[in-house]
Amino acid sequence: MEGGKESQREGPILLMEGITKIYPTGLVANSNVTFEVREGEIHALVGENGAGKTTLMKVLFGLEKHDAGNIFVKGEQVNITSPRQAIGHGIGMVHQHFMLAPSLTVAENIVLGQEPRKGIWFDQKKAAETCIDLGKKYGLEVDPYAKIADVPVGVKQRVEILKALLRGSEILVLDEPTAVLTPQETVELFAALKALKEGGHTIIFISHKLAEVKEISDRVTVMRSGRVVGTRNTEEISIRDLSNMMVGRDVELELPRPKMSAEDRREVRLLVKDLKYVRDNKDVLKDINLQVKSGEIVGIAGIEGNGQAELVEILTGLCECHEGTIQICGEDATEKKPGEIRELGLSHIPQDRMTFGVAAEASVAENLISTRYNKPPISNGFLLNLKAIFATCLDLINKFEIKANDPKQPVNTLSGGNIQKVVVAREFSTDPEVIIANQPTRGIDIGASESIHKYLVNATENGAAVLLISADLSEVMGLSNRLLVMYEGRIVAHFPDAEAVTEEELGLYMLGVKHQEPDEIVASLMGEAG
Amino acid sequence: MKTDKRFEILRTGVAIGVALLIGFIVTCLVSEAPLKAFGYFLRGPFTTTRRFAAFLEAAIPLTFTGLAISLVFSAGQFNLGAEGQFFIGAVAATAAGIYLDLPPVIHTLVCLLAGIAAGAVAGFIPGILKAKWNASELVSSLMLNYVFLKLGMYLVTYHMRDQSVGALVSLPLKETSLLTQFIPNTRIHTGVFILLITVLFCYYYLFRTSQGYEVRMTGQNIEFARYSGIPVLSVILSVQVLAGAIAGLGGAVEMLGIYKRFQWLASPGYGFDGVIVATLAKNNPALVPVTALFLAYLRVGADVMAIYSDVSAEMVAIIQAVIILLVTAEAFLSGYRRRMLLREVKQSASAS
Amino acid sequence: MQALLRAILSPSFAASILRVTTPILFAALGAVVADLSGVVNIALEGTMLFSAFTGVAVSAFTQSAWLGLLAAVGVGALVGLTLAYSHLKLGTDAVLAGIALNLLAAEGTVFLLYVVAGDKGVSSSLPSKVLPDWHIPVIKEIPVLGAILGKQNALTYMSLIAVVLVYLFLFKTSFGLRLRAVGENPDAADSVGISVHRVQFVALAISGALAGMGGAHLSMGYVSWFSRNMTSGRGFIALAAETLGYRHPVGVFLASLLFGFADALSNYMQSLRVPGEFVQMIPYLLTLVALTIYSGRQRKGRRSSK
Ligand SMILES: Nc1ncnc2c1ncn2[C@@H]1O[C@H](COP(=O)(O)OP(=O)(O)O)[C@@H](O)[C@H]1O
Ligand SMILES: [Mg+2]
């Protein structure tokens with residue numbers, strides 16, 4: 001707090017002091033956090049998923065009530081209990097999940113809450129003019145009459161920023177703004193942020209991508225499991241040191257790839273041929289051909305939203321609207337329902353844990369048995385065997401090191417990492433032939449991530465065929481034997497040896513700058529098959 | 001977890017207290033002698049043996065419809081068709097009771113089966129409309145309640161009516177079809193045993209069978225259920241058929257146990273009462289008889305009050321509504337719950 | 001059969017459709033306002049019942065039909081606010097709260113009826129008033145249209161005006177914009193400082209007030225009494241009409257006409273020799289069929305586009 005006295009005669013523009021936030025589930029998301037931002041700087045707030053960054057910003061923006069601590073804006077203590085008050089103090093926020101109404105237009109979304117009126121009527125024209133003027137002023141131009149549902153992500157984000165600027169925000173919080181952007185869009189965003197800084201705005205930039213943080217920020221504050229680890233000048237700290245601060249130790253850069261010789265990977269367990277999926281007359285998936293053999297992890301790299309989610313839904317039977325064929329362990333699975341596909345030996349770690357992975361209010365035990373509730377020993381086909389359930393669950397809880405006091409405890413009282421372990425325990429303990437792991441470690445702590453990587457590799461070495469989808473490059477690159485890259489619904493590259501690929505090269509394919517010829521890809525896939 | 005259980009009990013207690021208080025205030029507003037009236041209301045079921053029996057009798061149909069609603073609510077289906085299912089079940093049992101000629105016990109069983117079948121069909125319709133065409137079971141079941149009411153009234157009026165009687169009643173049911181009233185001076189009948197079996201069945205079904213597990217998981221998170229491989233559409237359909245069968249059985253039991261002829265001119269309302277019963281029981285079949293008794297107590301108390309005072313029995317509707325609103329209100333007393341939780345967190349923190 | 005066809009095609013039948021559509025239309029508009037703000041209003045049925053009773057009681061007491069209407073609307077809004085309070089402030093599930101209010105209305109109105117009229121069936125002992133019919137001079141002279149639209153109850157005209165007003169309110173005012181934003185993404189509205197609960201409170205009050213107009217039409221529009229459960233499911237039919245009408249005032253108007261048609265047909269056929277019970281099923285069966293076809297189409301559309 002003492003630092004930089006001479007440059008800051010009036011002290012920091014924002015000071016959050018001793019903030020503690022406990023969620024109703026009893027989870028301490030912020031613990032005595034002190035966070036200070038100077039006027040006119042771009043201040044990065046970094047930390048792993050679940051570190052508490054979003055929570056801290058929600059407190060600042062009046063979306064969550066803190067249990068202890070004080071907030072000072074421009075040296076004055078303020079009491080913020082609603083976004084309205086936060087806005088009143090010149091704070092604007094661009095949320096991780098967009099806060100837009102899809103059926104309304106760009107202009108309507110931007111002026112919402114302070115609409116121009118003629119009498120009681122909403123003045124559509126004035127609203128559009130406001131947007132155009134504002135866009136010109138900050139170099140963030142948008143089509144005011146477009147419907148939000150129809151515009152790309154980058155535009156939605158621009159709309160969010162304009163929303164905040166229209167409300168006179170001096171302090172602009174951006175929560176992981178680049179997570180959803182293409183590289184080009186990121187470049188544009190950074191240019192806009194720098195322009196805003198020139199114009200005197202203060203920006204809080206949340207990210208866990210350290211290269212970006214290095215590029216854009218002046219100072220950086222690191223959070224880890226609800227606490228602040230420290231604040232540094234960005235220029236004076238290396239990415240390596242930053243990542244150490246984030247995780248609290250050296251990151252294990254070498255992930256334990258399954259060790260099996262190519263000869264051992266023989267049997268094709270998952271085979272996809274000419275898969276195609278059209279939605280709203282757009283090709284969401286096109287010409288997807290792939291195969292996964294027993295004993296290997298095939299990774300799919302790609303920026304989110306390039307068809308990975310849909311591919312997984314189709315492979316697991318959750319979406320039944322596609323052309324092409326799918327075979328699992330030699331059997332046709334194209335038209336099958338999720339239950340039937342599971343019968344063929346497929347396990348699935350879903351991307352969205354709380355929607356698909358668990359029933360949040362059901363007990364740990366109920367969540368652990370959801371894929372075997374009608375099989376012995378859990379059930380004789382009709383009656384449940386409570387003793388067997390209890391025994392199975394205790395066994396899984398021990399084996400997978402799930403931190404739960406009691407199998408009867410509702411699963412939502414566990415931490416994110418342990419909830420994911422419940423999912424993994426359930427999916428890995430049925431001796432699956434094929435595992436589809438979609439973002440298996442997203443949003444969970446390092447410890448749990450490492451365990452999950454370990455389980456994944458073990459299962460593979462025991463003969464499972466694994467398809468791993470991850471937006472985390474170090475994860476797919478470190479774990480996979482072979483790598484595929486998806487871009488705009490197609491497979492644009494196949495690397496038979498994942499170890500021989502560099503991150504830079506992969507990046508070019510992910511961005512659509514480069515692509516292998518379709519024939520080339522199929523040929524190399526077939527070569528594998530031979 | 002313990003905290004949550006204790007809290008639920010506390011909240012239910014406070015809700016009932018608040019509801020009674022509001023009921024009392026209303027009584028004060030409309031009555032010349034509110035204390036006397038409310039006294040009768042509270043003591044009603046205990047004033048005579050006959051009334052005590054009436055209180056027990058009233059709980060029987062409430063338990064049946066409460067069970068039916070608990071099942072569909074457990075599956076996350078807002079099917080409010082118990083009203084029509086109960087009614088049509090009673091009509092079906094009546095028809096079988098009038099027209100079939102069978103030996104005693106068998107006749108009764110056949111009548112019960114008729115009720116079950118009619119109720120199951122009535123439950124099947126919203127179920128299949130939801131499973132196949134995704135039509136809201138809430139709206140369709142409400143519409144069907146009227147359809148079954150009219151259908152039942154048509155059947156009774158045009159096909160089963162006793163022309164020799166002035167009022168609109170059916171022909172008498174054959175003696176062989178009726179359930180025995182086995183306690184002298186009361187109308188408590190052997191249907192009680194059918195009821196107990198049904199309660200046990202529902203409890204075991206829901207908590208001890210794989211199908212019950214499917215039902216509960218579908219209700220908790222349907223996406224999760226689907227992802228896990230549970231055939232959610234067939235679960236949605238079968239649970240509504242089962243619930244319909246139970247409500248239909250309830251109608252049949254009520255008919256055969258209490259009445260000699262079909263004599264309802266409007267739907268007796270047990271289906272919607274079933275919603276109150278199931279809600280209070282948190283959809284747990286084992287608690288349904290308890291909450292049904294509670295509701296029956298209020299009902300009989302209100303009837304007694306209406307006899308001895310100037311307050312009409314419908315006053316009880318106010319009490320019921322307030323209870324449902326408060327018992328299911330997540331935020332009601334949640335500040336208190338939060339303090340309890342915080343204390344727990346602190347305790348476990350200081351313990352470790 | 002021919003007689004039936006001729007009757008259905010007659011202007012007087014069309015006029016009767018408009019008449020019986022009125023309460024459904026009001027309630028369906030109420031359903032639209034509530035639903036677009038993000039709360040399902042299952043309590044419409046009970047709201048109408050409360051308002052129908054209030055209209056009769058107040059008009060009998062004040063000897064003014066208009067005061068009766070005003071009170072009916074006020075009570076409707078009050079029921080809407082009660083739903084809002086229990087759902088938004090107490091956290092009761094909106095459907096359960098709606099069911100509770102419907103149960104309260106079903107028996108509560110009987111209770112009140114007994115208090116004010118000493119009867120538990122109908123209010124015929126109360127000297128309640130009826131809202132007047134309006135005659136529209138110019139339209140009245142036009143041949144067919146005149147017979148349909150020339151003379152109707154005041155509330156029927158108001159329901160037609162309400163379609164336009166609700167449309168303007170939802171799609172042309174800034175409050176309507178906020179309301180739709182709240183219904184579509186409450187977090188978005190919240191993040192720009194709009195009080196989501198306040199908007200929903202207002203929406204439910206309006207929803208209740210509209211249903212209140214519908215209730216008033218039932219007991220003061222073409223009869224002059226209240227009877228127990230006289231809504232007989234119209235509030236629920238309105239919910240179906242709302243779905244069928246794509247949650248848009250104009251669509252909802254057309255859907256309500258469809259149900260009005262079924263209702264009018266059943267009224268007309270009661271005078272024929274068909275068993276009354278069957279005829280009375282028509283509106284409910286039609287609702288069921290229409291809802292199913294509509295939902296099936298929606299699902300199919302979603303499937304192929306998802
Ligand atoms: N509404 C909530 N209720 C309970 N726990 C929550 C809630 N929101 C976040 N959490 C938990 O709080 C922790 C911090 O979350 P968050 O602030 O979103 O982290 P970050 O933004 O740094 O990824 C996580 O463990 C998360 O699971
Ligand atoms: Mg976050």
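Here the structure is shown first, and the text comes after it.
Here's what I pulled together on the structure shown here. (Residues numbered from 1 in each chain as written. Chains lettered and ligands numbered in written order. Predicted model: local features only at pLDDT ≥ 70, side-chain atom pairs only at ≥ 80, totals over all residues. Heavy atoms only, no water.)

Helix and strand counts for chain B come out as 14 helices and zero strands. Its helices and strands taken in sequence order, chain B reads α-α-α-α-α-α-α-α-α-α-α-α-α-α from the N to the C terminus. In summary, chain B has a C-alpha radius of gyration of 22 Å against a globular reference of 20 Å for 352 residues, a match within 12%. The principal-axis extents of the C-alpha atoms in chain B amount to approximately 80 × 60 × 35 Å. A buried classification covers 58% of the 352 residues belonging to chain B. Carbon and sulfur atoms provide 67% of the accessible area of chain B, an area that totals close to 13700 Å². Averaging the locations of the 26 positively and 18 negatively charged side chains of chain B gives two centres separated by 7 Å. (Helix = DSSP H or I, 4+ residues; strand = E, 2+ residues; numbered from the N terminus. Rg over C-alpha atoms; globule rule 2.2 N^0.38 Å. Buried < 20%, exposed > 50% of the residue type's maximum accessible area, 1.4 Å probe, protein only. Areas by Shrake-Rupley, 256 points an atom, 1.4 Å probe, with all protein chains shown as cover. Lys, Arg positive; Asp, Glu negative; His and termini not counted. Charge placed at Lys NZ, Arg CZ, Asp CG, Glu CD.)

Moving on, we come to the coordination of the magnesium ion (ligand 2). Within the protein, T54 of chain A (OG1) and Q96 of chain A (OE1) serve as the donor atoms for the magnesium ion (ligand 2), at 2.0 to 2.6 Å. Here T54 of chain A is found in helix α1 (residues 53-60), whereas its partner Q96 of chain A is found in the loop between β6 (91-94) and α3 (106-111), with 42 residues between them in sequence. (Donors = N, O, S within 2.8 Å, 3.2 Å for Na, K, Ca; no water.)

Another aspect to go through is the interface of chain A and chain B. The partner chain B presents 23 residues to the 39 residues of chain A that form the contact. Note on chain A versus chain B: buried area summed over both sides is about 2500 Å², and carbon and sulfur give 57% of it. Contact with chain B buries surface across chain A, with F356, Y373 and L384 of chain A losing the most and accounting together for 23% of the total. Summed over the shared surface of chain A and chain B, the result is one salt bridge. A salt bridge links E366 of chain A to R216 of chain B; its shortest N-O distance comes to 2.4 Å. Linking chain A with chain B are 16 residue pairs in polar contact (both at pLDDT 80 or more). (Contact = heavy atoms within 4.5 Å. Buried area = accessible area lost by both parts, 1.4 Å probe. Salt bridge = Lys/Arg side-chain N within 4 Å of Asp/Glu carboxyl O. Polar contact = N/O pair within 3.5 Å; in protein donor to acceptor, adjacent residues only side chain to side chain.)

Residues and elements named next belong to chain C. One way to put it is that helix α2 (residues 11-36) packs onto helix α13 (residues 249-269) with a least axis distance of 7 Å and a crossing angle of 135°. Comparing their axes, α13 and α2 come out oblique. The two elements α2 and α13 meet at a crossing, and its hand is right-handed. (Axes fitted to C-alpha atoms, helices over the stretch in contact; angles between N-to-C directions. Parallel < 35°, antiparallel > 145°, perpendicular 65-115°, else oblique. Left-handed = near helix turned anticlockwise from the far one by under 90°.)

Another aspect to go through is the pattern of salt bridges. Throughout the structure, instances matching the rule amount to 35 salt bridges over all chains. The partner of K53 of chain A in a salt bridge is E176 of chain A, and the shortest N-O contact between them spans 3.9 Å. Taken together, the residues K53 of chain A in helix α1 and E176 of chain A in the loop between β9 (171-175) and α6 (183-198) connect sequence positions 123 residues apart. Here K282 of chain B and E8 of chain B are joined by a salt bridge, their closest N and O atoms 3.4 Å apart. In this pair, K282 of chain B sits in the loop between α11 (270-280) and α12 (288-308) while E8 of chain B sits in helix α1 (residues 2-30), placing the two residues 274 residues apart along the sequence. Taking the relative accessible area as the measure of exposure, K282 of chain B reaches 43% and is therefore partly exposed. When salt bridges with common partners are traced through the structure, they connect E36, R38, E41 and R219 of chain A into a single cluster.

All names here are of chain B. For the structure shown, the criterion picks out 33 aromatic pairs over all chains. Ring centres 5.1 Å apart and planes at 70° place the aromatic pair F24 and F38 in the edge-to-face group. Remark: F38 occurs in helix α2 (residues 34-43) and F24 occurs in helix α1; sequence separation between them is 14 residues. A relative accessible area of 24% places F24 in the partly exposed class. By relative accessible area, which is 7% here, F38 ends up buried. (Phe/Tyr/Trp six-rings, centres within 6.5 Å; stacked < 30°, edge-to-face > 60°.)

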